[in-house]
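Chain by chain, the residues run as shown.
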Amino acid sequence: MNIIEILKKKRLYLDGAMGSLIQDRIGTIGSIPEALNVTHPELIKEIHQLYIDAGANIIITNTFGVNGYKLKDSAYTVEQLVSAGVRNAKALQPDYVALDVGPLGTLIGALGETSFNEAVEYFKEIIAAGDNAGADLIVIETMTDICEARAALIAAKEVSELPVVVSMTYQENKCTLTGTDALTVISILEALGADVIGINCSTGPDGMLPIIKELVKYASVPIMVQPNAGIPHMIDGKTIYDIDVEEFTRYMVEIAEMGALLLGGCCGTTPTYIQKMIQMTKDIPLYTVEDKNFTAVSSSTKTVILGHDIHIIGECINPTTNKVLKESLRRGELSVVSQLAMAQKKDGAHILDINLGLPDIDEISMMIKAVDTVSRLVDCPLVIDSSNPEVIEAVLRSYPGKAVINSVNGKKKSMAAIFPIAKKYGALVLGLTMDETGIPGKAEDRFVIAKNIVEGAKAQGIPKKNLIIDCLTLTASAQQAEVRETLKALKMVRDQLGIPTALGVSNISFGLPNRELLNRTFLGLALEAGLTNPIMNPNDRDMMDTISAFRALWGLDQQCIGYANAYKESGYKDEIVRESEEALSLREMIIEGLSDQAGLATQELIKTREPLDIVNNEIIPGLDAVGEAFETGECFLPHLIFAAETAQKAFEVIKETMLKDGKTQVNKGKILLATVEGDVHDIGKNILKVILENYGYEIIDLGKDVTAETIIDAIIRENIHLVGLSALMTTTVKNMEKMIKKIKEKSPKTIIMVGGAVLNPDYAHTIGADFYGKDAREGANIARKVLV
């Protein structure tokens, strides 16, 4: 199935909700709805047939929750449920059957207990089973974490040749739960080889419109849209969504006109919704998908578009030029890496180069740890700088963004080693204009190498927009004539290839006095010649001032606003007084997520301050600051989790000290948490647990798929005053309502807060909850109100 070619000729339609239709037909679904593929195949076929009759030509299998992680304690296997799901859909002979792949139900990588590679293996098992069973395409959907979406897409590419749709779900702030915006989603997933990129679930179609606009604007692949039927409400014991068929259809007409080529429905939609949508959109002219020719590098939460402005690549994480860093790495420590990353970000670097090339360390292990550490602390995209392809591949596999490989050159051996890695993991490549003959003296010869690199990349399926060219800075002291040739080569690359460029600027002055003067002079010349990405130390104020002035004079800084703001107080200064580099407080460490430094800092503080003083004036204020930033959208879920992990390191020292001294432990009260019966999704609950524990609460975690009776027994046994219940699936909200009623009957004074993707304040009130927590931060606020 060549979905791209099909979508040039006609719009494709997916089906709608499955869970709510199942629930309408049978009372109790159980914790594994996909088991119905085996136990009630005719029921699943009946629902599929309703959507086929409505006009859907892509039927999505009932396999959303099937994966090895969720089925650990189940009698069913992934292969059994996936094969049955595909078989049920194919039996009805729709145009196409899509294997449905949902989230694993656990945080992965730096955010959770499941490693990236473990996640890839889980997804491989699902996708291989679906491919073998005869699915026509793969739909990876409802992803809230770009890291998990990457894992699923990499898995699909490694075990299947089927076309792949990857669909994310967004929040009101137009970002995913872990902070990824639409442009960054496009940058990462398109480079990894997604055939279609989509948005589903999230909200009703009205709330999706700004995100869809961004997706269509930046994507060079077709866009899929599957909205919910609005927000759910409980009316007379039934879940009713607030956007009816007519309103839903009006929005879908607008969405089709915006350029979406695959349309369907998610929670709350029915065959009637799909039929009306198809009827009103089938004759809307098709949007022509065109290549959006821009070069982008991304972290998981930020994308930098290169080529039209000046973006600085920070060069300071390199042990060859930093003895302190070198010794730190030899001890297996990353504290200096952390400090350098934060300092460069503060000084104005847009992208950070990471080079840990020392012969006496395990470079693969240290690079993976360093990239993970830096990604936690700053949102700058990264350059993976190593001469070892094995190191590059190991890091790129789990890096949650779109990195730059430093580097490839014109040697056939180099291109053969690096380009396949770049293609597989969707990375940009920094190309050096040197080959088997060395670095040519003449600009024309360097340009020929640049063109060879472009052609070599093209042969491997890497477009020109995923390249950066470095024309190489040679030292003026030894190769003075080549200085002009470098500048000339920059102009040729800019004018004839239209590719972003990079240079290690400070190489120009090696061996000469007053290097700073030569560096900033050469930088100005290089910028005029076409340099867009200087590789430099952003702490060099003369160099930074040169860039600021160039941007103002070259029209890149519109109305010179940036320049004026930088110097408006006292005009140009020969010297800029920098803030003193004081050690960070524990509160600041928590805000920055410096978990590797918090323990030692707490050990020092506790020598002169009381434990509760540290808790109340360092740890809690730090957590509060991050929580407030999370609420306003200034930071995202990863920052909240990393702050909690850092606070936990401090708490461990405090608890150990108080235990040793015989003092009463910090305990602000007990809270019971559980995912309701029939629901095996516990990500939200687990995040809340981490946050609450670090505010000093004792958590009784009953896990997932927990009965009302088990909860009531624990309430009585542990004398619980506050209970937190979680549910992700629409099919388990009714269980939540029944459980709340039972709890209130047996323990009427117990306060109940609820949370989960399918809930909202009105819904929570309707089912009898005392509080609704939209996220972990709100859960902590509720705990403060209740457990005074």
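Up top you'll find the structure we're talking about.
Quick summary incoming for the structure in this document. None of these values were measured; they are calculated from a predicted model.

The rules behind each value
Residues numbered from 1 in each chain as written. Predicted model: local features only at pLDDT ≥ 70, side-chain atom pairs only at ≥ 80, totals over all residues. Heavy atoms only, no water. Helix = DSSP H or I, 4+ residues; strand = E, 2+ residues; numbered from the N terminus. Rg over C-alpha atoms; globule rule 2.2 N^0.38 Å. Buried < 20%, exposed > 50% of the residue type's maximum accessible area, 1.4 Å probe, protein only. Areas by Shrake-Rupley, 256 points an atom, 1.4 Å probe, with all protein chains shown as cover. Core = buried A, V, L, I, M, F, W, Y, C linked by side-chain atoms within 4.5 Å. Contact = heavy atoms within 4.5 Å. Phe/Tyr/Trp six-rings, centres within 6.5 Å; stacked < 30°, edge-to-face > 60°. Axes fitted to C-alpha atoms, helices over the stretch in contact; angles between N-to-C directions. Parallel < 35°, antiparallel > 145°, perpendicular 65-115°, else oblique. Left-handed = near helix turned anticlockwise from the far one by under 90°. Nonpolar A, V, L, I, M, F, W, Y, C, P; charged D, E, K, R; others polar. Pairing = 2+ DSSP bridges. Expected span 1.5 Å × (residues − 1). Lys, Arg positive; Asp, Glu negative; His and termini not counted. Salt bridge = Lys/Arg side-chain N within 4 Å of Asp/Glu carboxyl O. Polar contact = N/O pair within 3.5 Å; in protein donor to acceptor, adjacent residues only side chain to side chain.

## Describing the overall build of the chain
- For the chain, the count of helices and strands is 30 helices and 25 strands.
- The globule rule puts the C-alpha radius of gyration for 788 residues at 28 Å, and the 28 Å found for the chain is close to it.
- Judged by the C-alpha coordinates and their principal axes, the chain covers about 85 × 75 × 50 Å.
- In the chain, which comprises 788 residues, the proportion classed as buried is 58%.
- Accessible area of the chain: about 32,400 Å², with a carbon and sulfur share of 50%.

## Comments concerning the nonpolar core
- Counting 178 residues, the largest nonpolar core has Phe123, Leu189 and Leu356 as its most contacted members.
- In terms of residue count, helix 7 (residues 146–159) provides more of this core than any other element does, nine residues in total.
- Apart from the residues within four sequence positions on either side, leucine 356 is in contact with Ile317, Pro319, Leu329, Val337, Ile361, Glu363, Met366, Met367, Ala370 and Asp385.
- By size, the runner-up hydrophobic cluster in this structure holds 44 residues, among which are Cys635, Ala650, Val666 and Leu692.

## Some thoughts on the packing of aromatic side chains
- Across all of its chains, the model carries five aromatic pairs by this definition.
- Plain terms: the ring middles of tyrosine 218 and phenylalanine 294 are 5.6 Å apart, the flat faces sit at 75 degrees to each other, and that makes the pair edge-to-face. Here phenylalanine 294 lies in the loop between helix 11 (271–281) and strand 11 (295–298) and tyrosine 218 lies in helix 9 (residues 205–218), a separation of 76 residues in the sequence. Taken as a pair, tyrosine 218 and phenylalanine 294 share a single burial class, namely buried.
- Measuring from centroid to centroid gives 5.3 Å for phenylalanine 248 and tyrosine 273, while their planes differ by 80 degrees, and the two rings are edge-to-face. One end of the pair, phenylalanine 248, is in helix 10 (residues 245–258); the other, tyrosine 273, is in helix 11, and 25 residues separate them in sequence. Grouping residues by exposure puts phenylalanine 248 and tyrosine 273 together as buried.

## Concerning the packing of helix 9 against helix 10
- The contact between helix 9 and helix 10 brings their axes to 10 Å, and the two run at 5 degrees. Judged by the inter-axis angle, helix 9 sits roughly parallel to helix 10. In this structure, helix 9 contributes Pro205, Asp206, Leu209, Ile212, Lys213 and Val216 to the contact, and helix 10 contributes Phe248, Tyr251, Met252, Glu254, Ile255 and Met258.

## Let's talk about the packing of helix 27 (residues 708–718) against helix 28 (residues 733–746)
- Where helix 27 meets helix 28, the closest approach of the two axes is 10 Å, and the angle between their N-to-C directions is 30 degrees. For the element pair helix 27 and helix 28, the recorded crossing hand is right-handed. Taking contact as the criterion, the partners of Ala708, Glu709, Ile711, Ile712 and Ile715 in helix 27 are, on helix 28, Met739, Lys742, Ile743 and Lys746.
- Classifying every residue of the contact of helix 27 with helix 28 gives six nonpolar, no polar and three charged.

## As for the sheet that holds strand 19 (residues 501–504)
- With parallel pairing, eight strands are arranged side by side around a closed barrel as 13-14-15-16-17-18-19-20. Pairs of neighbouring strands in the sheet enclose a mean axial angle of 30 degrees, with direction left out of account.
- Both strand 14 (residues 351–354) and strand 15 (residues 382–385) contribute to a ladder of three bridges, which runs parallel. Bridge assignment links aspartate 353 to a residue of strand 15, and that residue is valine 383.

## Side note on helix 6 (residues 116–133)
- Between its first and last C-alpha, helix 6 extends 26 Å over 18 residues, near the 26 Å set by a 1.5 Å rise per residue.
- Each element contacted by the buried residues of helix 6 is listed here: helix 5 (78–90), strand 3 (96–101), strand 4 (137–143), helix 7 and helix 15 (389–398).
- Once helix 6 finishes, glycine 134 follows within two positions and takes phi at roughly 105 degrees, a positive value.

## Some points on the sheet that holds strand 4
- If you walk across this open sheet you meet the eight strands as 1-10-7-6-5-4-3-2, and the pairing is parallel. Each end of this open sheet is capped by a strand with a single partner; those strands are strand 1 (12–13) and strand 2 (58–60).
- Its contacts with the sheet put helix 9 on strand 6 (196–201) and strand 7 (223–227), and the angle it makes with strand 7 is roughly 170 degrees.

## Considering the side chain of aspartate 557
- Mapped onto the elements of the fold, aspartate 557 is located in the loop between helix 20 (541–553) and helix 21 (561–567).
- The side chain of aspartate 557 sits in the buried core without any salt bridge; arginine 551 is the nearest counter-charge, 4.4 Å away.
- Here isoleucine 561 takes part through its backbone nitrogen, which lies 3.2 Å from a polar atom of the side chain of aspartate 557.
- If near-sequence neighbours (up to four positions away) are discounted, aspartate 557 is found in contact with Arg551, Ala552, Gly562 and Tyr563.

## Observations concerning the pattern of salt bridges
- Taken as a whole and assessed by the stated rule, the structure comprises 34 salt bridges.
- Across the salt bridge formed by lysine 124 and glutamate 158, the nearest N and O atoms sit 2.9 Å from each other. Here glutamate 158 lies in helix 7 and lysine 124 lies in helix 6, a separation of 34 residues in the sequence.
- Residue class for glutamate 158 comes out partly exposed when judged on its relative accessible area of 27%.
- Linking glutamate 333 and arginine 331 is a salt bridge whose minimum nitrogen-to-oxygen distance equals 3.2 Å.
- Residue glutamate 333 is classed as partly exposed on the basis of its relative accessible area, which comes to 34%.
- Given the relative accessible area of 53%, arginine 331 is considered exposed.
- A network of salt bridges, in which partner residues are shared, links Glu121, Lys124, Glu158, Arg397 and Lys424.

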